[in-house]
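Okay, here's what each chain looks like letter by letter:
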Amino acid sequence: MAVEFIPAAPWNGRSDPEDGADAVRLHHLIADDASRAVLGFASEAGVIRNKGRKGAAAGPASLRNALANMAAPSGAEPFSDLGNIVITDDDLEEGQAALSARISDALERHDRLVVLGGGHETAFGSYCGIAAQFVSKRIGIINLDAHLDLRLVGDNGPSSGTPFAQIRALRPEHFDYLCLGVAEESNTQALMNRAQEWGVAMVSDHALIADKHAADGAIREIISRSEIVYLTIDIDVLPHYQAPGVSAPAARGVDLSTIEHLVDHVLVTCRELDCPCPLADIVELSPPHDPQNVTAKSAALLARRLLFADL
Ligand SMILES: [Mn+2]
C-alpha cells in the first residue's frame, strides 16, 4: 500500500522517580483525547520531486525521540499522539489527501494539532485540512522559511517547492501569506515577482538577523485581518549549525532564539486578537543528514513551544 496509517507507538524515555512528582518529561504526558496532539506525516516524495536530499520521511520519528526526554513545562497538560501517515513510492497527492482528512477530523477534537513532517509538501495537506474544518473562515498563513515555496506545478507535479502556489490556486481571492526569513539567494527573481504579484508579505533573513522584532508588525497585520492562523515552520530557516539535517542547509539562516521569538509572538498575538492558531507544522527535518540530532533538537524546541503555549 502506498499510503498507510500507522497508529501511535508508546513513548519511552528516562524517568527520575528519586526526584519526586515534578520530574516530568514529555513522554510522561502522552494520553488519549488530550486537547493538544501531534500527528506525523512521513513523506519525502515532495523533496524527491523537488530534486532535494531525501530523508524527511524519517522526520516524525526523530522529532518524537527528541521531544520524549525534554522536561515538561510547569503545570503542562497531557497531549495525544495521533500516529503517522506514511507515504511510500511517489504517492504524494494521495498522501496529502489522507493528511488533510486526518487533520480536519482531528481538529474536531483537539484545540491544537502539531503536524510533524515530512518535506514542505506537508503544507498543502495541512492547509486543505484546516480549510475543510473551518470552511469560509479567513485563514492567514505564516511560514517561517528561507524559501517562498511558490513555484508553479510543472511536469513533475506538486512538490516540496510548490505548496503555497497550490494553496493560492484553490481560492486566489482568499490567499493571505506571510513568509518570514526569506533568503534572497534561495529564491529566483521569478518567485520574488510572483510573491509581489500575489500580495505575499515578506520579511528577509537579514532584517530578522539585524532585529528580532523586524517581523512583529507584519505578524500583527496578518493576524488582525484573519479569523484563523495556520503556522508552518520549515526548519531550513535556521542556520546550518542549528539545522544541518535538512535538504537545503542555510549558510546564513535566522538563529533559533529569533525563531523562538517569532513563534511566541505569533501565538501571543493570536491570543491577544482572539484569532485561534489550531494548526502548526514543522517540516523538512531530514534525520539521515542529522548525525548529532542537533536539527531534531532544534525542531523539538519549537514543537514543545507549540504544544504547551497558552491558547
Ligand atoms: Mn519550505
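Fair warning: this is a prediction, and the values are worked out from it, not measured in the lab.

Student: Hey, could you go over the packing of aromatic side chains for me, with residue numbers and the actual values?
Tutor: For the structure shown, the criterion picks out five aromatic pairs. For the pair Phe175 and Tyr177, a centre-to-centre distance of 5.7 Å together with 50 degrees between the ring planes defines the contact as tilted. Of the residues examined, Phe175 reaches a relative accessible area of 12% and is grouped as buried. Classification of Tyr177 by relative accessible area gives buried; the value is 1%.

Student: Describe in detail the coordination of the manganese ion, supporting the description with residues and values.
Tutor: For the manganese ion, the protein coordination sphere consists of His120 (ND1), Asp145 (OD), Asp149 (OD) and Asp234 (OD), at 2.1 to 2.3 Å. Of note, the donors binding the manganese ion are all from one chain and are spaced H-x24-D-x3-D-x84-D. With His120 in the loop between β4 (112-117) and α4 (122-133) and Asp149 in the loop between β5 (139-144) and α5 (163-170), this residue pair connects regions lying 29 residues apart in the sequence. Look at His120 and you get buried, because its relative accessible area is 0%.

Student: Report on the packing of helix α3 (residues 92-109) against α4, specifying residues and quantitative values.
Tutor: Contact geometry for α3 and α4: axes closest at 7 Å, N-to-C directions at 40 degrees. When the interaxial angle is binned, α3 and α4 end up oblique. By crossing handedness, the relation of α3 to α4 is classed as right-handed. Contact residues: α3 offers Gln96, Leu99, Ser100, Ile103, Ser104, Leu107 and Glu108, while α4 offers Thr122, Phe124, Gly125, Ser126, Cys128, Gly129, Ile130, Ala132 and Gln133. Of the residues that constitute the contact of α3 with α4, the class distribution is seven nonpolar, eight polar and one charged.

Each value, and the rule that gives it
Residues numbered from 1 in each chain as written. Predicted model: local features only at pLDDT ≥ 70, side-chain atom pairs only at ≥ 80, totals over all residues. Heavy atoms only, no water. Phe/Tyr/Trp six-rings, centres within 6.5 Å; stacked < 30°, edge-to-face > 60°. Buried < 20%, exposed > 50% of the residue type's maximum accessible area, 1.4 Å probe, protein only. Donors = N, O, S within 2.8 Å, 3.2 Å for Na, K, Ca; no water. Helix = DSSP H or I, 4+ residues; strand = E, 2+ residues; numbered from the N terminus. Axes fitted to C-alpha atoms, helices over the stretch in contact; angles between N-to-C directions. Parallel < 35°, antiparallel > 145°, perpendicular 65-115°, else oblique. Left-handed = near helix turned anticlockwise from the far one by under 90°. Contact = heavy atoms within 4.5 Å. Nonpolar A, V, L, I, M, F, W, Y, C, P; charged D, E, K, R; others polar.

Everything listed here is a matter of geometry and, on its own, says nothing about what the molecule does.
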